[in-house]
2 protein chains.
Amino acid sequence: MRISKLSARAGLPVGTVKFYLRTGLLHSGVATSATQALYDDSHLNRLKLVRALLEVGGLSLAGIRRVLDAVELHDEDPAEGMVRVQEALSGAEPSPATVPVDVDTARALVEDLGWHVRADSPHLPMLARALNALESVGLGRSIERFSHYASAASELARQDQELLERTPVEDRALTLATSTVLYDAVLVALRRLAGEGHARPGTVPEPRMAEAL
Amino acid sequence: MRISKLSARAGLPVGTVKFYLRTGLLHSGVATSATQALYDDSHLNRLKLVRALLEVGGLSLAGIRRVLDAVELHDEDPAEGMVRVQEALSGAEPSPATVPVDVDTARALVEDLGWHVRADSPHLPMLARALNALESVGLGRSIERFSHYASAASELARQDQELLERTPVEDRALTLATSTVLYDAVLVALRRLAGEGHARPGTVPEPRMAEAL
């Protein structure tokens, strides 16, 4: 298809698609003349991916670029690719200008949970920033609440890992990247929806699981 | 204290503090002359709150303003204030430019869970955007995964509500706002840390809960 059709199907202005082509977020089409090229579903899918990570995931264009590079690396070196996807996702977070980061306390808390994470895990500073922010607004660290969240996180991560292992190896890096970012958004939305119901006791029974869906 | 000391204690440039004063995010100090004023811990705490919501929560300044207005309203009308806090938190999300929002499907899924949420809940579009994005990148809706996330969200919301009910009424709106935003960040970080461990089987035992912390 021509760029105009690609743009229309992606719901994006042609200028935006051209911008993604220039910056390498979108791979080139097959040139049919000096000024025209043809695009296929791989281009459409890439545009949808970029928009999803941008609009729902809140990643920057530079962050998306790092994620895509890591996914590409995964084709050659799966193990390293998976590590890089996680790094890219955490590096894509908004960088904090002034909140000091006390990574040691975050690491100690996580080790106290019995979790073994990499010493240089990019997610430790992310946790540290959140804990520091809680402290700075006077909410301190609620041990009880932290335990609840750690439990839930551990259980979700275990289930997600099982699902990821059922994904074909060649799709795992991209699936890890997109599902991490997009299920963050699902989780945040569901937690708030559940909170609305729980604020009026009796209105949110436990999910009726499989048979309800 | 003078504005210079307030800035130093908050770790912010004086210009930033002055900007927050001009835009009303920070309440005025007590004027001691035409060009000078004195500030106290309430100003320092407000600055910490604004920075935490901005840097860790990723809210915009306009979003923070809506949250603060809702917290203020809560002093006069607690019930309405709590509703407004939730609205402000969801309105503060980055607005999606092109991802179409199919709120009906999201509502049906949530109703199938047996949850009763407000028909105009501001969190339904948030969930709808995330589900649409999953669909658009070809991850579709995994019923199994959605159930896991709904379960975890419901349990966390129930526990959070219990903790909120132990908070003095006058502090509830602010606690709801800050803890919603900051625990989102805690949860996201913990889920990723747990994921790192689960990716190497056997390295993440279940959290050892209370005795570990």
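No experiment lies behind these values; they were computed from the predicted model shown.

Conventions used here
Residues numbered from 1 in each chain as written. Chains lettered and ligands numbered in written order. Predicted model: local features only at pLDDT ≥ 70, side-chain atom pairs only at ≥ 80, totals over all residues. Heavy atoms only, no water. Salt bridge = Lys/Arg side-chain N within 4 Å of Asp/Glu carboxyl O. Helix = DSSP H or I, 4+ residues; strand = E, 2+ residues; numbered from the N terminus. Buried < 20%, exposed > 50% of the residue type's maximum accessible area, 1.4 Å probe, protein only. Patch = residues over 30% accessible without salt bridge, like charges linked within 9 Å, V, L, I, M, F, W, Y side chains within 5 Å. Areas by Shrake-Rupley, 256 points an atom, 1.4 Å probe, with all protein chains shown as cover. Lys, Arg positive; Asp, Glu negative; His and termini not counted. Charge placed at Lys NZ, Arg CZ, Asp CG, Glu CD. Contact = heavy atoms within 4.5 Å. Buried area = accessible area lost by both parts, 1.4 Å probe. Polar contact = N/O pair within 3.5 Å; in protein donor to acceptor, adjacent residues only side chain to side chain. Nonpolar A, V, L, I, M, F, W, Y, C, P; charged D, E, K, R; others polar. Least-squares fit on C-alpha atoms with pLDDT ≥ 70 in both. Phe/Tyr/Trp six-rings, centres within 6.5 Å; stacked < 30°, edge-to-face > 60°. Lys NZ or Arg CZ within 6 Å of the ring centre and 35° of its normal.

Quick word on the pattern of salt bridges
Next, step 1: Counting across every chain of the model gives 24 salt bridges over all chains.
Next, step 2: Among the ionic pairs, glutamate 80 of chain A bridges to arginine 84 of chain A, the shortest N-O distance being 3.5 Å. Highlighted residues: glutamate 80 of chain A and arginine 84 of chain A, both in helix H5 (residues 78-91), separated by four residues, approximately one helical turn.
Next, step 3: Using a relative accessible area of 39% as the deciding quantity, one classes arginine 84 of chain A as partly exposed.
Next, step 4: A salt bridge links glutamate 55 of chain B to arginine 51 of chain B, with the nearest nitrogen and oxygen atoms 2.6 Å apart.

Describing a negative patch on the surface
Residues and elements named next belong to chain A.
Next, step 1: Residues Glu72, Asp75, Glu76, Asp77, Glu170 and Asp171 make up a contiguous surface patch of negative charge.
Next, step 2: Positionally, aspartate 171 belongs in the loop between helix H8 (143-165) and helix H9 (172-198).
Next, step 3: Overall, the relative accessible area of 37% leaves aspartate 171 in the partly exposed class.

Digging into the interface of chain A and chain B
Next, step 1: Tallying the contact residues gives 94 residues for chain A and 95 residues for chain B.
Next, step 2: For the pair chain A and chain B, the summed buried area comes to about 9200 Å², and 65% of that belongs to carbon and sulfur atoms.
Next, step 3: Here chain A is connected to chain B by 10 salt bridges.
Next, step 4: The salt bridge partner of aspartate 160 of chain A is arginine 191 of chain B, with a shortest N-O separation of 3.1 Å.
Next, step 5: The interface formed by chain A and chain B contains 20 residue pairs in polar contact (both at pLDDT 80 or more).
Next, step 6: Broken down by secondary-structure element, the contributors of at least two residues to the side of chain A that touches chain B are helix H3 (41-55), H5, helix H6 (103-112), helix H7 (123-136), H8, H9 and helix H10 (209-212) of chain A.
Next, step 7: In terms of residues, the side of chain A that touches chain B owes the most to one element, H9 of chain A, which gives 22 residues.
Next, step 8: Residue classes in the side of chain A that touches chain B are distributed as 49 nonpolar, 24 polar and 21 charged.

A closer look at the relation of the copies chain A and chain B
Next, step 1: Expressed as a screw transformation, the operator carrying chain A onto chain B has a rotation angle of 180° and an axial translation of 0.0 Å, and the superposed copies differ by an RMSD of 0.0 Å. When the rotation and shift are considered jointly, the pair of chain copies conforms to a two-fold rotation axis. Rotation axis and chain A: the residue whose C-alpha lies nearest the axis is alanine 152 of chain A, separated from it by 2.9 Å.
Next, step 2: The overlap is high: 100% of the interface residues of chain A also sit at the interface in chain B, so the same surface is used on both sides.

Description of the packing of aromatic side chains
Next, step 1: Counting across every chain of the model gives four aromatic pairs over all chains.
Next, step 2: Here the aromatic rings of tyrosine 149 of chain A and tyrosine 183 of chain B are separated by 5.0 Å at their centres, their planes lie at 35°, and the arrangement is tilted. With tyrosine 149 of chain A in helix H8 and tyrosine 183 of chain B in helix H9 (residues 172-198), this pair bridges two chains. Each of the two residues, tyrosine 149 of chain A as well as tyrosine 183 of chain B, counts as buried.
Next, step 3: Between phenylalanine 19 of chain B and tyrosine 20 of chain B the ring centres are 6.0 Å apart and the planes differ by 55°, which places this aromatic pair in the tilted class.
Next, step 4: Note on phenylalanine 19 of chain B: relative accessible area 33%, which makes it partly exposed.
Next, step 5: Between arginine 145 of chain A and the ring centre of tyrosine 183 of chain B, over which it is positioned, the NZ or CZ distance is 4.1 Å.

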